[in-house]
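Residues per chain are reported as follows:
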Amino acid sequence: MVVRVMFYDSSREYDYLTDMRLAVGDYVVVPTGKRMGIARVNRVGRSSSRAVKWVIQKIDIAGYEERMRKKDEHEDA
């Protein structure tokens, strides 16, 4: 499977290979040259001749938001 992603500071899209279940709107960590970057999934497809690098990890935004909500509740108590 291939995902097409976009970085927040760019209007270009990039294709990455993946074996994870990803959906449009998910945030992922991907290799970008010598570093890693965070990008948003814009499309999910079966193949792309442009995809040569692999998605490293999906970012758990919902889990983060839940932890922050619990932290706020704890501080308010």
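Residues numbered from 1 in each chain as written. Predicted model: local features only at pLDDT ≥ 70, side-chain atom pairs only at ≥ 80, totals over all residues. Heavy atoms only, no water.

Asker: When you look at the packing of aromatic side chains in this model, what are you seeing that I'm missing?
Answerer: Note on aromatic pairs: each is described by the distance of the centres and the angle between the planes. Within the structure shown, the criterion is met by one aromatic pair. For the ring pair Phe7 and Tyr14, a centre distance of 5.7 Å and an interplane angle of 65° mean the geometry is edge-to-face. By relative accessible area, Phe7 is classed as buried at 14%. With relative accessibility at 28%, the residue Tyr14 sits in the partly exposed group. (Phe/Tyr/Trp six-rings, centres within 6.5 Å; stacked < 30°, edge-to-face > 60°. Buried < 20%, exposed > 50% of the residue type's maximum accessible area, 1.4 Å probe, protein only.)

Asker: Can you help me understand the sheet that holds strand 4 (residues 35–45) in this one?
Answerer: The pairing of strands in a sheet comes from backbone hydrogen bonds and takes either a parallel or an antiparallel form. Reading across from one edge, 2-1-4-3-5 is the order of the five strands in this open sheet, with antiparallel pairing throughout. The sheet terminates laterally at strand 2 (13–17) and strand 5 (57–59), the two strands that pair on one side only. Neighbour-to-neighbour, the strand axes of the sheet open up by a mean angle of 50°, direction not taken into account. Relative to strand 2, strand 1 (residues 2–6) is paired through five bridges, and the arrangement is antiparallel. When the sheet's bridge partners are listed, Arg4 is paired in strand 2 with Asp15. (Pairing = 2+ DSSP bridges. Helix = DSSP H or I, 4+ residues; strand = E, 2+ residues; numbered from the N terminus. Axes fitted to C-alpha atoms, helices over the stretch in contact; angles between N-to-C directions.)

By themselves, these figures tell us nothing about what the structure is for.
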